[in-house]
Amino acid sequence: MKFYFEKRKALSVKAVVLVPVVSFVVSLLLTAVILFIFGANPLATYAAMFGGAFGSGRAFTETLVKAIPLMLTGLGVALAFKMRFWNIGAEGQLAMGGISAAAVALFASPWIPKVILLPAVLAGACLAGALWAGIPALLKTSLKVDETLTTLMMNYVAILISETLYYGPWRDPNGFGFPGTAPFPEAAWLPRFAGRAHIGLVFGVILAVALWIVLDRTRWGFELKIIGNSQASARYLGISVERNIVMAILLSGAASGLAGGCEVTAISHRLQQGMSLGYGYTAIIVAWMAQLNPIAVVFVSLLMAGLLVGGDQVQMMMGLPAAMGLVIQGMILFPMLAGSFFTEYHIKVVRSPKAAVAAGGAA
Amino acid sequence: MIGLISSILTITLRAGTSLVYATIGEIFTERGGILNLGLEGIMLMGAVTSFAVSYYTHSLPLALLAAVLVGAALSAIHAFLTITMRANQVVSGLSITLFGSGFASFLGQRLGPATNNHRLVGLVGAKFESFRIPVLSDIPIVQSIVSQDILTWGIYLLIPLAWFYLYRTRAGLSLRAVGENPQTADAMGVDVFRLKYAYTISGGMLVALGGAHLSLSYTPGWSENITGGRGWIVIALVIFSMWNPARAIWGALLFGGINAVQFRLQASGTNIPAGFLNMLPYIMTIVVLVLITWWEALSKKVGAPAALGQAYMREDK
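Quick look at the structure, then. If you're wondering where the values come from, they're calculated on a predicted model, not measured in any experiment. (Residues numbered from 1 in each chain as written. Chains lettered and ligands numbered in written order. Predicted model: local features only at pLDDT ≥ 70, side-chain atom pairs only at ≥ 80, totals over all residues. Heavy atoms only, no water.)

**Notes on the overall build of chain A**
Secondary structure summary: chain A contains 14 helices and four strands in total. Relative to the compact-globule value of 21 Å for 363 residues, chain A shows a C-alpha radius of gyration of 23 Å, a close match. Of all 363 residues assigned to chain A, the portion counted as buried reaches 56%. Counted over contacts in chain A with a minimum sequence separation of 6, partners at least 24 positions apart contribute 77%. Of the roughly 15,700 Å² of accessible surface on chain A, 70% is carried by carbon and sulfur atoms. Put simply, chain A has 24 plus and 14 minus side-chain charges, and the middle of one group is 12 Å from the middle of the other. (Helix = DSSP H or I, 4+ residues; strand = E, 2+ residues; numbered from the N terminus. Rg over C-alpha atoms; globule rule 2.2 N^0.38 Å. Buried < 20%, exposed > 50% of the residue type's maximum accessible area, 1.4 Å probe, protein only. Contact = heavy atoms within 4.5 Å. Areas by Shrake-Rupley, 256 points an atom, 1.4 Å probe, with all protein chains shown as cover. Lys, Arg positive; Asp, Glu negative; His and termini not counted. Charge placed at Lys NZ, Arg CZ, Asp CG, Glu CD.)

If you want it as structure tokens, here you go:
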């Protein structure tokens, strides 16, 4: 008896749904082993995490607060990954969005009518995120410079720029030495609807639906898909690969920039330390677990936000490190990656060696 | 003046040491056709475990052993996912980094003694000390090279050995064949899968040693994000070295030098904001990457193993 891996003709729908769910469960089981080794009760810990993230109205709004930036950056990353453009710079694009929003809200507000101040602030955030992603995109399409490295390096640069600003020239003179800018004028505040949960959620959901429609129902989306599958065939079909990649990556960066804009206008109302808690990196997990499907990103970001909020709760209640949420998140992709093998291949069992040769010849 | 140069060279070599270990480790992995973007996570895990072991056992060999084992375990996951399960190498490497940095941070908040609230931050463990060699340690410049600890001395040996292994031995030839053209290597009787596993795992061990150097020698102790992106800079250094271990020293000296100059300028109290100085290594990485890519395109010289990043399937026709 011999085993063969045969490439499926079409992706298995059952596997596409099952793999992320099973991966999540496997990741919980593996983390339970770690918790057990460190002398914590895994069941009690998970119960506390779940309660802390979804157990009450207040808990759920905090989960939403963290889900919004994950959703926006996750959508940006998913779009980039669809083009096989490995944008791991969502963290920096988010930071640049926050910086640019702060610049408009603090320094341009006297010249902007109040009614359009907030849209102008958010537009500034999108623009900055797009520009920050656009540089690696142009370097990639014009000189073939590896984008994983450039996008990642620009994260560090963006975060250092924001620190330099709020520790230095932008520091609030009335802030008692607190590292952060002055608060924004109220016209630049993004409205909240429950607790700290804000209408950035609406942006996230609208963007998810819009992206799904564009990718699934429009000519442009079709072109992007072809480029993602094979740049050679896209070129053969007369599709402008470079232009489309740059446009998609500008959009990808704009989504992350908007995430940063929402964080500063809705949560902190100023630029300060702790704007991003690594959302741009978690976005990679969100996008991959959602299998790059924009609608799925919405739900996966809620789940991942729950892990972050639950992790904080467990730290307060049981003294376990909050980084536990990160451990579970980090572990999810391993079974995901192993499992996606089964969405593309299936195992063929061949009984006699003769049949195996025949099967091998036919494959 | 010579004193200043000498002190900058000392810090440069010290700062460059972890980069050399990781660069050579990744060169071996990539020569086998496997791109491992998990370096940042592996270095962090190497740093946290080796520091914890040095704190509790005061044994530096055991601390290094712990780092090497952790590096082997993490890169074995990457090897299994990308070689056996044929997963996307970029995403698998990213997951190693995400998991490694999350888990390292968890361990840093949990492995410490109860008296320190279970944290490792702020503790002092055993660390490597620089040698003092009679006469040589008194000559400027020479002193910067010889008055170093055993890990920095290790790179003086590792660089020529790695070069010799890759270019002058049969095993090195097989490795290069696997990265260039696995089908041909397979036909030559090389066990492609076994070699890919072996070099991904041993490469990961060297990377973890680079991480251990940070917490046991360069900045002794544990702090969150102790690597500061070095794992990513190393990926650029591999490209910069054109996959040749002998050239690994130049990138390490360049980036170690940036660290040293940063260090000097900050110590002398310049009015350049610290933020701009801290940005230097990252901006330099981008600049170096652009220049080397541009130069490669102009000279039509490609150093990258031809089959880098591709899953190898025996049944593929």
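**Some words on the nonpolar core**
Core analysis: the biggest nonpolar cluster contains 208 residues, and W288(A), M304(A), I24(B), W222(B) and W232(B) have the highest contact counts within it. Aside from chain neighbours lying at most four places away, what touches I24(B) is L158(B), I159(B), A162(B), L206(B), P245(B) and A248(B). (Core = buried A, V, L, I, M, F, W, Y, C linked by side-chain atoms within 4.5 Å.)

**Some details on the interface of chain B and chain A**
At the interface, 49 residues of chain B touch 47 residues of chain A. Both faces considered, chain B and chain A share a buried interface measuring about 4,000 Å² in area, 82% of it formed by carbon and sulfur atoms. Along the contact surface separating chain B from chain A lie zero salt bridges. When residues of the side of chain B that touches chain A are traced back to their parent elements, those giving at least two are α3 (60-84), α4 (89-108), α10 (230-240) and α12 (274-299) of chain B. Considered class by class, the residues forming the side of chain B that touches chain A number 30 nonpolar, 13 polar and six charged. (Buried area = accessible area lost by both parts, 1.4 Å probe. Salt bridge = Lys/Arg side-chain N within 4 Å of Asp/Glu carboxyl O. Nonpolar A, V, L, I, M, F, W, Y, C, P; charged D, E, K, R; others polar.)

**A look at the packing of aromatic side chains**
Residues and elements named next belong to chain B. Applying the stated rule across the entire model yields 20 aromatic pairs over all chains. For the ring pair F28 and Y165, a centre distance of 5.9 Å and an interplane angle of 50° mean the geometry is tilted. Here F28, found in helix α1 (residues 2-31), pairs with Y165, found in helix α6 (residues 150-168); they are 137 residues apart in sequence, far enough to count as distant. The class for F28 is buried, based on a relative accessible area of 10%. A relative accessible area of 29% places Y165 in the partly exposed class. When the centroid spacing of 5.3 Å and the interplanar angle of 20° are considered together, the rings of F99 and F103 count as stacked. (Phe/Tyr/Trp six-rings, centres within 6.5 Å; stacked < 30°, edge-to-face > 60°.)

**What to know about the state of the cysteines**
Residue and element names in this part refer to chain A. This structure, assessed with the given rule, holds zero disulfides over all chains. Take C126: it sits in no disulfide, and the sulfur closest to it among the cysteines is that of C262, at 8.1 Å. What makes C126 partly exposed here is its relative accessible area of 24%. With a relative accessible area of 0%, C262 lands in the buried category. (Disulfide = S-S within 2.5 Å.)

**Comments concerning the pattern of salt bridges**
Residue and element names in this part refer to chain A. Going through the model one piece at a time under the given rule, you end up with 10 salt bridges over all chains. For K66, the salt bridge is made with D312, and the minimal N-O distance between the two is 3.6 Å. Here K66 is found in helix α3 (residues 57-82), whereas its partner D312 is found in helix α12 (residues 294-318), with 246 residues between them in sequence. What makes K66 buried here is its relative accessible area of 12%.

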